[in-house]
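Structural overview
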Amino acid sequence: MALQEWEKPFFNNGASLPRMRRQLARALAISSLALAASGCAFAPAESFTLQAEVPADFRVKADAYYVPATGETCVAPPRKSGRVAPDRKFFTSEYQNVPRTAEFQIPLSTRAGGCPLVLSSLKLDLRGKWGPDRLDSDGDFASLSFRDELPAGLTAFPVSGTQAFEGQCQWLFRTAGPERYIIKILQCRAADAQGNRLKRMAGGVLPRDQLPGRTVRMVFRMAEQEEPYYSGWWLETPNGWKACTGRWGTTNEERCIEPPQFTDFKMPDGRECTVYPNCTE
């Protein structure tokens, strides 16, 4: 009497039961490896979105620092020669000639040598170009700190899901070298709600446990006016800034005296000038 379909043995070509078990175990192992490789076997690390809104001709780099999680006694392994330290992660967005928003996904945790690490701080490296040559650029920093609990007096993360920190950058000019060429120094500071530049560095403190899936915006505006790098070394006139000299007996840019004496200088393009930025009076 022929066997019904459900009664047929689960063998092919006479394969033995032990052999079938080995084949099944191998198939399961391969499947598990495939899942792990695709990222499906483990939950991804929680992260937040960092957005840096910057003026034209700016480059943005984010340098994230990680420390052992609270209660952990392990230590992250030391950096190997030629490699990035295991407790740091870097994110980069290059120069663009238009204002834009650079965006990064920042993990809130990682592992190094089996040691669980959490995000402790993030340094935002801002660099802007002030001229056409490769070296015609300068930079400044902003920073964020991450805590298990917020210090007293700081508010929780906004219910909107986005926390914004305002900043303002300004070009400061000075002369350099025996021919007194104009160069510029970038200074970026925090700004208040009215857009006034403050003395402290831009950024703030954030609660780590409230950040997964949220967005942190760092917004940097450029000041409309440039100012001298050395306070009291240039005199502002209706036609522009004039470089003082005469205090120490040279023709270089020096602290202003009374009555003021002035020196000339050169623009980056080689023009000889007496006032900045108009060049001629």
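Attention in this report is confined to the structure presented alongside it. (Residues numbered from 1 in each chain as written. Predicted model: local features only at pLDDT ≥ 70, side-chain atom pairs only at ≥ 80, totals over all residues. Heavy atoms only, no water.)

1. Quick look at the packing of aromatic side chains
Taken as a whole and assessed by the stated rule, the structure comprises nine aromatic pairs. Pairing Tyr229 with Tyr230 gives two aromatic rings, centres 4.9 Å apart and planes at 75 degrees, and the pair type is edge-to-face. Judged by its relative accessible area of 38%, Tyr229 is partly exposed. Above the plane of the ring of Phe262 lies Lys242, whose end atom (NZ or CZ) is 4.3 Å from the centre. (Phe/Tyr/Trp six-rings, centres within 6.5 Å; stacked < 30°, edge-to-face > 60°. Buried < 20%, exposed > 50% of the residue type's maximum accessible area, 1.4 Å probe, protein only. Lys NZ or Arg CZ within 6 Å of the ring centre and 35° of its normal.)

2. Notes on the sheet that holds strand β15 (residues 261-263)
Taken together, three strands build an open sheet; the order of strands is β13-β14-β15 and the sheet is antiparallel. Across the chains shown, the open sheet's two edge strands, defined by having one partner strand only, are β13 (234-237) and β15. Strand-to-strand twist of the sheet, defined as the mean angle between neighbouring strand axes without regard to direction, takes the value 55 degrees. In terms of strand pairing, strand β14 (residues 240-245) meets β15 through three bridges, oriented antiparallel. Paired with Ala243 across the two strands is Thr263, which belongs to β15. (Pairing = 2+ DSSP bridges. Helix = DSSP H or I, 4+ residues; strand = E, 2+ residues; numbered from the N terminus. Axes fitted to C-alpha atoms, helices over the stretch in contact; angles between N-to-C directions.)

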